[in-house]
Amino acid sequence: MTRVKTMKVLLIEDDLIEVMKLKRSISKLDMDVTLVEAKNGEEALDLLKDSQSLPDLIFLDLNMPKINGIEFLKILKSDDVLRYLPTVILTTSSNRKDVLECYKVGVAGYILKPLKYDEYLDKIQKTLLYWSVNELIKI
Amino acid sequence: MKGIVFTELLDLVEEKFGLGMVDTIIENSELESGGVYTAVGTYSFAEMLSLLKSLSAATGISIDDLLEVYAEHFFSVVEVSYPGFLAQYNDPIEMLASIENHIHVEVRKIYPDAELPTFDIEEKTDKSLTMLYTSSRAMYSFGRGLMNKTFEHFNSSATIIMEKLKEDGTEVRFIITKND
Amino acid sequence: MTKLSVEILERALKRERAARKQAERILEQKARELYTLTQELQFSNKELEHMVWEKTSELKGVFENIIDAFVVMDLSGKVLKMNDAAIDLLGYTIANEPINLIDIVHPDEKQGIIDAFKLLYVNGSVANYQVKVITKEGKTRLVDINASIIYDEKDKPVAAQGIVRDITEFKCLENQKEILLKKLEKSNDELQEYAHVVSHDLKSPLRSIYALVDWIKEDNEGQFNEETLHNFSLIDITLEKMEQLISDVLDYSSVTSENVSAAEVDLNIVFKDIYQILYLPDHIKLSCIKNLPSIKGNRSRLQQLFQNLISNAIRYCDKEEGLIDLDYKDQGEFYQFSIQDNGIGIAPEHHEKIFKIFQSLHQNKESTGVGLSIVKKIVESYQGEIWLESALGEGTTFYFTLKKEL
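Residues numbered from 1 in each chain as written. Chains lettered and ligands numbered in written order. Predicted model: local features only at pLDDT ≥ 70, side-chain atom pairs only at ≥ 80, totals over all residues.

### Points about the overall build of chain A
Condition: We count a stretch as a helix when DSSP gives it H or I for four or more residues in a row; a strand needs E for two or more, and each element gets its number in order from the N terminus. Burial is judged by counting other C-beta atoms within 10 Å of a residue's own C-beta: 20 or more means buried, 12 or fewer means exposed, and anything between counts as partly exposed, with every C-beta placed from the backbone. Throughout, a pair of residues is in contact if the C-beta atoms placed from their backbones lie within 7 Å.
Within chain A one finds 5 helices and 5 strands. Along chain A, helices (α) and strands (β) appear in the sequence β-α-β-α-β-α-β-α-β-α when read from the amino end. Buried positions account for 32% of the 139 residues belonging to chain A. Expressed as a percentage of contacts within chain A between residues at least 6 apart in sequence, the contacts between residues at least 24 apart total 65%.

Rendered as structure tokens:
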């Protein structure tokens, strides 16, 4: 079995505890994952300016101050380079309108955060494992 | 029976055999009316039968033949009285075929209480017509006379065969074939 | 002349005379009959005349009293007759000033009315033709015209008649209604959006608390006593209930009639799905009395409706052998469904209350008091009604109607 390679994940989330949750989840996994954090869309766009250190996967919260999740997604999708970054929505909103809009703009996934931490852990693990075995576009 | 049938008969008798014959048959018949007829009145059919019997006895001519001759005379009455009626037709077969559904219907409009025979069409072509005559009066010969005149009216002629379906002549089949 | 022929002639003469008298009598009789007949005809003629007069005055009454304006005009549009309503509407009285309909039409619509006249002439009638007219006072009114051609006895068009309805106010109200409806729609959308945001904002802290509690337990494993551990589990349960409550409220606010999409839904399939989704304890028998119909609507809403009622029936079963029966009746425009259970029953004083939001009769982990209010809202979105019959300790039957096609 090939060893899972190192993954770099960007989490865009303004809630401190949510960031902690993901961090803690990653630490529990037997995977080589580097987590980069951004509190909001602007911060994330700043980080993404450096084309040398782009993440392999983005977890994006929909409800953020300033630029909201969908606006941020649209910016990514209109960028020649950033549009290839798989972006997975991580949210508690099951609003059908949001789900539709996200898939329309182009997301790699839409994950509903469950109440129970166990279930959350399980979902995160599966998602990271899935993306770690995917071929990604590097420009 | 309509008075005109009596007055026309007596006129014809007077014309052919003289007033004496008219007197004779009236005197020899038992007539409720006493032989007094007017065209607008209505009289019992029995009187007609009685008159015909007396006439047949006095002249030696069969009732059937008498009726046929009388019918031919009667047709001219129709020709004179209802010329427009005949003008509706241009073919004798068509006219005869319409007796039941048209002619009798019109007759009833003028004489609501008229007692008419029925003529049911059994078969019809351009040249021929088979009809079934039904009447308690058994005056089929009268019918035949009218038919002969009808053809004559349209400058045509026909061979008319009668088959008595009942001995008393109340049901008779007319097989009419137009002569070329 | 012989004696015999004289006698014959005398007899003939006598007969002729008698016949003449008879004919005269008959003709006299006929003349009398004719006279009577003429009398009768005259009488019925009078009656007919009277009937015609009655009809005419009836029509006149209709013409004068009809609420809508009524005008009769010649084929060029010149008004020949108008009732009081028409005079009120247009302000003109033809007795004083002859008017032509085409002349009083708003200048912008001149061509339109000429075309409408042509159409009227060709088709024999024009329905709901809307046009602006200018009254004598110079006011513009929007009117709706229904007109037809009047023919003479030879089928020749001679005039036209029209009912003219002032729809100025109506149109105005209609526009207002449309604006209001749009506003309502928008505010509904906003509310919906708001409900989603609120629910998200309320749910997020719950997740945080849940995670934090989990971490405290994890990081201090073996250091808490039984009681503390029990309290931790109570926090979990409370959070779960809170989560469910938020979901239910969101759900409730999402049921609007706009969600009803018009797809054919086979309720047998819905029932089968519910049967698989719901946890059905061994001692409860859930059955469908007969084959269910199909209904036009939103599948997930219909499922929610049946599921909520059935899961209630399961939840409140206290018998050794629980029975839940689903049945329906065709009522023409509607279907009437019934879900009968032999559970604990509901006291009469609660029959109304249970359909109100947050009104749960039982302190139950799974019950948030929203389920039945969602059920009611769904039923109402299908223009139906819901009610129940129940006896405490014996069971409950919920009845509801759904319109077959909205």
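### As for the overall build of chain B
Each helix and strand in chain B was counted, giving 8 helices and 4 strands. Of the regular secondary structure in chain B, the N- to C-terminal order runs α-α-α-α-α-α-α-β-β-α-β-β. In chain B, buried positions account for 26% of the 180 residues. The contacts in chain B between residues at least 6 apart in sequence include a share of 59% that link residues at least 24 apart.

### Details of helix 9 (residues 371-381) of chain C
Residue and element names in this part refer to chain C. With 10 of 11 residues buried, helix 9 is to be regarded as a mostly interior element. Inspection of helix 9 places Gly371, Leu372, Ser373, Ile374, Val375, Lys376, Lys377, Ile378, Val379 and Ser381 among the buried residues, and these make up the whole buried set. For helix 9, the elements touching its buried residues are helix 6 (226-254), helix 8 (299-315), strand 11 (386-391) and strand 12 (395-403). Following helix 9 by one or two positions, Gln383 adopts a phi angle in the positive range, close to 55°.

### Side note on the sheet that holds strand 11 of chain C
Residue and element names in this part refer to chain C. Operational definition: The rule for pairing is simple: two strands pair if DSSP sees at least two bridges between them. The axes are straight lines fitted to the C-alpha atoms, using for helices just the contacting stretch, and the angles between their N-to-C directions are given from 0 to 180°.
Taken together, the 5 strands give an open sheet; going across it, the order is 7-9-10-12-11, and neighbouring strands pair in mixed fashion. Each edge of the sheet is formed by a strand with only one pairing partner; in this case those strands are strand 7 (284-288) and strand 11. Mean inter-strand twist for the sheet, computed between neighbouring axes without regard to direction, equals 15°. Bridge count between strand 7 and strand 9 (residues 322-331): 5 bridges; the pairing is parallel. Looking across to strand 9, one finds that Ser287 is bridged to Asp325.

### Some details on the sheet that holds strand 4 (residues 171-178) of chain B
Residue and element names in this part refer to chain B. The strand order across the open sheet formed by 4 strands is 1-2-4-3, and the pairing between neighbours is antiparallel. One side of each edge strand has no neighbouring strand; the edge strands of this open sheet are strand 1 (118-124) and strand 3 (158-164). Each strand of the sheet is rotated relative to its neighbour by a mean of 20°, with strand direction disregarded. When strand 2 (residues 128-134) meets strand 4, the two strands line up antiparallel, connected through 7 bridges. Note on strand 4: the bridge partner recorded for Thr134 is Glu171. Sheet contacts for helix 8 (residues 140-153): strand 2, strand 3 and strand 4; angle to strand 3, the most-contacted strand, approximately 165°.

### Things to note about the interface of chain C and chain A
Defined as follows: Any residue that is not Ala, Val, Leu, Ile, Met, Phe, Trp, Tyr, Cys, Pro, Asp, Glu, Lys or Arg is counted as polar, Gly included; the first ten are nonpolar and the last four charged.
Listed as interface residues are 15 residues of chain C and, on the opposing side, 12 residues of chain A. Broken down by secondary-structure element, the contributors of at least two residues to the side of chain C that touches chain A are helix 5 (168-219) and helix 6 of chain C. The leading source of residues in the side of chain C that touches chain A is helix 5 of chain C, at 12 residues. Considering only residue class, the side of chain C that touches chain A consists of 6 nonpolar, 4 polar and 5 charged.

### Overview of the nonpolar core
Under the convention used in this document: The term nonpolar core refers to a set of buried Ala, Val, Leu, Ile, Met, Phe, Trp, Tyr and Cys residues connected through C-beta atoms within 7 Å. Domain start and stop points were drawn from an automatic or database domain assignment.
Core analysis: the largest hydrophobic core is formed by 37 residues, its most contacted members being B:Leu9 and B:Leu96. Within the residue set of this core, elements represented by two or more residues are helix 1 (3-17), helix 2 (19-28), helix 3 (45-59), helix 4 (63-81), helix 6 (92-97), strand 2, helix 8 and strand 4 of chain B. Of all the elements, helix 1 of chain B adds the most residues to this core, at 5 residues. Built from parts of two domains, this core gets at least three residues from each of domain 1 (3-61) and domain 2 (92-178) of chain B. Counting 36 residues, the second-largest nonpolar core is a separate cluster that includes C:Val270, C:Ile274, C:Val375 and C:Ile386.

### Quick notes on helix 8 of chain B
Residues and elements named next belong to chain B. Heads up, the rule is: Multiply 1.5 Å by the residue count of a helix minus one, and that product is the helix's expected span.
The end-to-end C-alpha distance of helix 8 is 20 Å, a good match for the 20 Å that 14 residues give at a rise of 1.5 Å each. Tyr140, Ser141, Phe142, Gly143, Arg144, Gly145, Met147, Thr150 and Phe151 are the residues of helix 8 that are buried. Those residues of helix 8 that are buried lie in contact with helix 4, helix 6, strand 2, strand 3 and strand 4. Just downstream of helix 8 lies Asn155, where phi reads positive at about 55°.

### A look at the packing of helix 1 of chain B against helix 3 of chain B
Residues and elements named next belong to chain B. The condition is simple: Angular relationships are summarised with four words: roughly parallel below 35 degrees, roughly antiparallel beyond 145, roughly perpendicular across 65 to 115, and oblique for the angles in between. In a left-handed crossing the near helix is turned counterclockwise from the far helix by less than a right angle, and in a right-handed crossing that turn is clockwise.
One can describe the packing of helix 1 onto helix 3 by two numbers: an axis separation of 11 Å at closest approach and a directional angle of 10°. Relative to helix 3, the element helix 1 is oriented roughly parallel. For helix 1 against helix 3, the interelement crossing comes out left-handed. Within the contact between the two elements, helix 1 uses Val5, Phe6, Leu9, Val13 and Phe17 and helix 3 uses Met48, Leu51, Leu55 and Thr59.

### Some words on unusual backbone geometry
A positive phi angle is found at B:Asn155, which is not glycine, with a value near 55°. Its location among the elements puts B:Asn155 in the loop between helix 8 and strand 3. A positive phi angle, near 65°, is found at C:Asp155, a position not held by glycine. Note on placement: C:Asp155 falls in the loop between strand 4 (140-151) and strand 5 (157-166). Judged by the 6 C-beta atoms lying within 10 Å of it, C:Asp155 falls in the exposed class.

### With respect to the pairing of strand 1 (residues 7-12) of chain A
All names here are of chain A. Keep this limit in mind: A clockwise course of the path from the first strand over the helix to the second, judged with the strands pointing away from the viewer, identifies a crossover as right-handed.
Of the pairings in the sheet, the one linking strand 1 to strand 2 (residues 33-38) comprises 6 bridges and is parallel in character. In the strand pairing of strand 2, Lys8 is matched with Thr34. Crossover strand 1 to strand 2 through helix 1 (residues 16-28) is right-handed. Where strand 1 lies against strand 3 (residues 57-60), 4 bridges are found, and the strand directions are parallel. Note on strand 3: the bridge partner recorded for Leu11 is Phe59.

### Some remarks on the interface of chain B and chain C
Each partner contributes residues to the interface: chain B has 10 residues there, and chain C has 10 residues. Of the residues in the side of chain B that touches chain C, the class split is 5 nonpolar, 4 polar and 1 charged.

### A short note on the environment of C:Asp108
All names here are of chain C. Within the element layout of this structure, Asp108 appears in the loop between helix 3 (101-104) and helix 4 (110-123). The exposed category is assigned to Asp108, around which 10 C-beta atoms lie within 10 Å. The spatial distance from the C-alpha of Asp108 to the C-alpha of Val131 is 9.8 Å, given a sequence separation of 23 residues.

### Comments concerning the confidence of the model for chain B
If pLDDT is low for a region, its predicted coordinates should not be looked at in detail. All names here are of chain B. Put simply, the rule is: Predictor confidence is given residue by residue as pLDDT, running from a minimum of 0 to a maximum of 100.
Across chain B, the average pLDDT comes to 90, with 100% of residues at 70 or higher. The secondary structure element of chain B with the lowest average pLDDT is helix 5 (residues 83-87), at 83, and the one with the highest is strand 4, at 94. ipTM for the predicted complex: 0.80, alongside a pTM of 0.49.

### Quick word on the environment of C:Ile269
Following the sequence through the fold, C:Ile269 ends up in helix 7 (residues 267-277). When the C-alpha positions of C:Ile269 and C:Leu292 are compared, they lie 9.1 Å apart, and in sequence the two are 23 residues distant.

### Some thoughts on the environment of C:Leu80
Residues and elements named next belong to chain C. Among the structural elements, Leu80 can be located in strand 2 (residues 79-82). Sequence spacing of Leu80 and Pro98 is 18 residues, and the spatial spacing of their C-alpha atoms is 8.3 Å. Filtering out sequence-adjacent residues up to four positions away, Leu80 remains in contact with Val72, Met73, Asp74 and Ala159.

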